[in-house]
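Below are the chains, spelled out letter by letter.
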Amino acid sequence: MKQNFSLSTILLGLALLLCACQPIQPVATLAEARAGVAPSPTTIAWPGPRNYHQMAYDAESQRIILLGGQLGSMVPLTDTWAYDPAAGSWQAMTPPVAPPASEGPMAYDDKADRIIYVATLDGMTFGPLSETWAYDYNNDTWAQLTTNQTPSPGMVGGRMVYDSESDRLIFFGGYDIPNNGYFNETWVFDLATNMWTQMTPAIAPPGTNFQSMVYDSAADRVLMWGSVSDDRLWSYDYNNDTWAEVAETGTPPLTDYTRMVYVPALQQSILFGGVDVPNEVPQGSTWVFDHPTQTWQQLTLATAPEPRAWQSMVYEPITQQILLFGGGTDRDHAYGDLWRFDPVAQSWSEITPAGASTTAAAPAEVGYFLTGADKRNGVEHPWFAFYELPDMDQTHVASLTYKDGLALDLYYPPNFDFAEPLPAVVFIHGVDMPELSRTLKNDGPYVSWGELVAADGMVGVLYDAENPEADTVDLLNYLHANAAVLGIDPQRVCIWASSSNPPPALKAITDADAAYYNDIRCAVVLYGATERTDGKFPPNFDLLAVRVGKDEPGFYEMMTDLIDWAQEQAVDVTVIDYAEGEHAFDVFMDTPETHTVIEQVLAYLKKQLAVVP
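Below is a short write-up of the structure.

Reading the values: rules and limits
- Residues numbered from 1 in each chain as written.
- Predicted model: local features only at pLDDT ≥ 70, side-chain atom pairs only at ≥ 80, totals over all residues.
- Heavy atoms only, no water.
- Pairing = 2+ DSSP bridges.
- Helix = DSSP H or I, 4+ residues; strand = E, 2+ residues; numbered from the N terminus.
- Axes fitted to C-alpha atoms, helices over the stretch in contact; angles between N-to-C directions.
- Parallel < 35°, antiparallel > 145°, perpendicular 65-115°, else oblique.
- Left-handed = near helix turned anticlockwise from the far one by under 90°.
- Contact = heavy atoms within 4.5 Å.
- Nonpolar A, V, L, I, M, F, W, Y, C, P; charged D, E, K, R; others polar.
- Disulfide = S-S within 2.5 Å.
- Buried < 20%, exposed > 50% of the residue type's maximum accessible area, 1.4 Å probe, protein only.
- Expected span 1.5 Å × (residues − 1).
- Arc of directions from axis to C-beta.
- Salt bridge = Lys/Arg side-chain N within 4 Å of Asp/Glu carboxyl O.
- Core = buried A, V, L, I, M, F, W, Y, C linked by side-chain atoms within 4.5 Å.
- Phe/Tyr/Trp six-rings, centres within 6.5 Å; stacked < 30°, edge-to-face > 60°.
- Right-handed = clockwise from strand over helix to strand, strands pointing away.

### Concerning the sheet that holds strand S26 (residues 312-316)
Now for step 1: The four strands are arranged S26-S27-S30-S31 in an open sheet whose pairing can be described as antiparallel. The sheet is open, and its two borders are formed by S26 and strand S31 (347-350), each paired with just one other strand. Pairs of neighbouring strands in the sheet enclose a mean axial angle of 25°, with direction left out of account.
Now for step 2: Note that S26 and strand S27 (residues 321-325) share five bridges and pair antiparallel.

See the structure below:
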């Protein structure tokens, strides 16, 4: 199939279609990464802002282990960190494998000296999971355990604690996403035999999730409080398999997403934060539950962490202090601060050192997470590249805001779990028509190229722009500042530009003062209108130029001048000449030659960015 359109006709048609099309899917407002400017260099190792993370204290190693969480509603983290309370320092661990991007509870098995984590929710597909993992700090290894059975898949937000007297892990609750309900199941795990057992108590608390659970070692019972609908305190006795309501006094208001920690020396539990029900207003109250008297007391404190939920807390027995890390004002805005609570003095103090990721909100708000097929179905201008790869329709598309309400789409490969960063291909927009360039990323040519690079093992980056030159620079700064969170390797970035888009691309690439300057490994320019700049190409930079013999007037000559300019600066240039090709051949000429050129472009990207097959 061959369709003949001039460049001016293409642009005019896009503009007219834009006026008649339905509004694109709304994108949530993003907590900006310091307005897209790269942050000051971090001088110490620090986990950074996050929600939904898990922490547990490894008594043998005297370390607090932190796993994953989320930066924003749907940007999953898979990193493992260890905090040394004596030194006051974090260490980024590097286990060969790790649990998938997921949500789930975590606790320390004292007798086995292992951290146990149960993955309950797939962080990429949001499907139910039930995987049991064990972490050995001394060897820095995660291992998925082979168990006799698993808890019900998808016990999202269920909580788990270690019963030291019985040497068992007790797991209760969770949200049943497929059935839109709550689990009230009680499961017990014996690490010595790798066996899960579903208990059968005569009565049980109502189904719930993201509640607080602690183990009272003095009374040998599990205590649970906090829910979306139940403000009662419950206790569980493993030896008798019984749940019972506790006759408490002074109960806190109904709160969800709380955290509570038991202090053995005082036989008290400290509860902090959460959100009220049903408005999800973050809370900053600190409560003490005295176990012998079964009485709650709200503390009046001069200093405390900002109101928040989705944080994590642990008790550190050497100093007999409680440590709190992270959490946020809502799911899309996270803190990266560290606080210490002295249960004897009943006082909070922030211990976030200078040089750490600060308590400012993190760039993490995701508007939606789609598959490539879903994204393609929503395209208003369905001119797709004439080439396909397996699983293109299973790529993942995350949408967020990178600047002043301008949206960014990240195309990830199928099954990408954020465990290892990937190279990125940034598709530059340069059309000086704000009403058009603001939504070009939603058009068929860009969507299909985003799918292609993602299906080939890279991250495709598409974005909206109003001022192409300034917005391109801000986009690249944003990617540079947030590469780790976004799953991008900042040292393996390639720029892709075609048609009228190369000028802002070339200006951004040759800006030697930019924070991202050394990130740019290569550029691919197809049938482009190019302009020289006063700048210099980055070191170790390569260029692929695709010229077409039947281009719009002047374009072939401009592409030739780009090649000459790059060679004058000793850039390694690869040239593909498509003699019979026309402008925008990749979406308007369905020929074997077109297929071959697209294959060559993808192969070049993979070679330059060292993509592992």
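Past the structure itself, the notes keep going.
### Notes on the packing of helix H5 (residues 468-486) against helix H6 (residues 502-509)
Now for step 1: Remark: H5 packs on H6, axes separated minimally by 9 Å, with the N-to-C direction vectors making an angle of 45°. As the angle between them shows, H5 and H6 are arranged oblique. Viewed along their axes, H5 and H6 form a crossing whose handedness is right-handed. Contacts between H5 and H6 involve Pro468, Glu469, Thr472, Val473 and Leu476 from the first element and Pro504, Lys507 and Ala508 from the second.
Now for step 2: Residue composition of the contact of H5 with H6, grouped by class: five nonpolar, one polar and two charged.

### Focus: the state of the cysteines
Now for step 1: What the rule picks out here adds up to one disulfide.
Now for step 2: In this model Cys494 forms its disulfide with Cys522; the gap between the sulfur atoms is 2.3 Å. Between Cys494 and Cys522, the disulfide has an S-S torsion of -130° and is therefore left-handed. With Cys494 in strand S37 (residues 488-499) and Cys522 in strand S38 (residues 520-528), this pair connects stretches of sequence that are 28 residues apart.
Now for step 3: Overall, the relative accessible area of 0% leaves Cys494 in the buried class.
Now for step 4: A residue is classified by how much of its surface remains accessible, and Cys522, at 0% relative accessible area, is buried.

### Details of the side chain of Ser235
Now for step 1: Assignment of secondary structure puts Ser235 in strand S18 (residues 234-237).
Now for step 2: When neighbours within four sequence positions are excluded, Ser235 is seen to be in contact with Arg221, Val222, Leu223, Thr242, Trp243, Ala244 and Val246.

### Remarks on helix H7 (residues 555-568)
Now for step 1: With 14 residues, H7 extends 20 Å between its outermost C-alpha atoms, agreeing within 8% with the 20 Å of an ideal straight helix rising 1.5 Å per residue.
Now for step 2: Turning to H7, its buried residues number three or more, namely Phe555, Met559, Leu562, Ile563, Trp565 and Ala566. Take H7 and look down its axis: the buried residues cluster within an arc of 165°, on one side only. Those residues of H7 that are exposed and aimed more than 90 degrees away from the buried face are Glu557 and Glu568.
Now for step 3: Trailing H7 by a residue or two, Ala570 shows a phi angle of about 65°, which is positive.

### A closer look at the pattern of salt bridges
Note that side chains of opposite charge can pair when their charged atoms are close.
Now for step 1: Under the counting rule described, the total for this entry stands at 20 salt bridges.
Now for step 2: For Lys403, the salt bridge identified is with Asp474, shortest N-O distance 2.6 Å. Of the two residues, Lys403 is situated in strand S33 (residues 396-403) and Asp474 in helix H5; the sequence distance between them amounts to 71 residues.
Now for step 3: Look at Lys403 and you get buried, because its relative accessible area is 12%.
Now for step 4: Through salt bridges that share partners, Asp230, Arg232 and Glu245 make up one connected network.

### Considering the pairing of S33
Now for step 1: Of all eight residues in S33, eight are buried, a share of seventy percent or more.
Now for step 2: Taking the residues that link successive antiparallel strands as the turn, the S33-strand S34 (residues 406-412) hairpin has two residues, and the phi of Asp404 there is positive, at about 45°.

### Comments concerning the nonpolar core
Now for step 1: Core analysis: the biggest nonpolar cluster contains 47 residues, and Leu408, Val426, Val461 and Leu479 have the highest contact counts within it.
Now for step 2: Per element, the largest residue contribution to this core is six residues, and it comes from H5.
Now for step 3: Membership of the second largest hydrophobic core comes to 41 residues, among which are Ala385, Met392, Leu440 and Tyr527.

### Thoughts on unusual backbone geometry
Now for step 1: Across the junction of Val277 and Pro278, the peptide omega takes the value 10°, indicating a cis bond.
Now for step 2: By the element assignment, Pro278 lies in the loop between strand S23 (275-276) and strand S24 (286-290).
Now for step 3: The phi dihedral of Tyr527 is positive, around 30°, even though this residue is not glycine.
Now for step 4: Mapped onto the secondary structure, Tyr527 falls in strand S38.

### Some words on the sheet that holds strand S2 (residues 63-70)
Now for step 1: What the four strands build is an open sheet, ordered S1-S2-S3-S4; its pairing is antiparallel. Two strands in the sheet have a free side with no partner beyond their single neighbour: strand S1 (54-58) and strand S4 (89-92). The mean inter-strand angle of the sheet, taken between neighbouring strand axes irrespective of direction, is 25°.
Now for step 2: Where strand S3 (residues 76-84) and S4 come together, four bridges link them in antiparallel fashion. When the bridges of S4 are listed, Tyr83 appears paired with Trp90.

### A few points about the packing of aromatic side chains
Now for step 1: Enumeration according to the criterion identifies 29 aromatic pairs in this entry.
Now for step 2: Plain terms: the ring middles of Tyr52 and Trp310 are 6.3 Å apart, the flat faces sit at 50° to each other, and that makes the pair tilted. Note that Tyr52 is positioned in the loop between helix H1 (7-20) and S1 and Trp310 in the loop between strand S25 (295-298) and S26, a separation of 258 residues in sequence.
Now for step 3: Given the relative accessible area of 15%, Tyr52 is considered buried.
Now for step 4: Seen in terms of ring centroids, Tyr236 and Trp243 are 4.9 Å apart; in terms of plane orientation they differ by 40°. Their pairing is tilted. Considered together, Tyr236 and Trp243 belong to a single accessibility category, that of buried residues.
Now for step 5: Of the aromatic side chains, those joined through ring pairs into one cluster are Trp46, Trp81, Tyr83, Trp90 and Phe325.

### Focus on the pairing of strand S39 (residues 542-550)
Now for step 1: Counting buried positions over the nine residues of S39 gives seven, a clear majority of the element.
Now for step 2: Pairing geometry for S38 and S39, over five bridges, is parallel. Across the sheet, residue Leu526 finds its bridge partner in S39, namely Val546.
Now for step 3: One crossover worth recording links S39 to the parallel strand S40 (residues 572-582) by way of H7, and it is right-handed.

### Section: the environment of Asp542
Now for step 1: By the secondary structure assignment, Asp542 is in strand S39.
Now for step 2: As a C-alpha pair, Asp542 and Gln608 span 66 residues in sequence and 8.0 Å in three-dimensional space.

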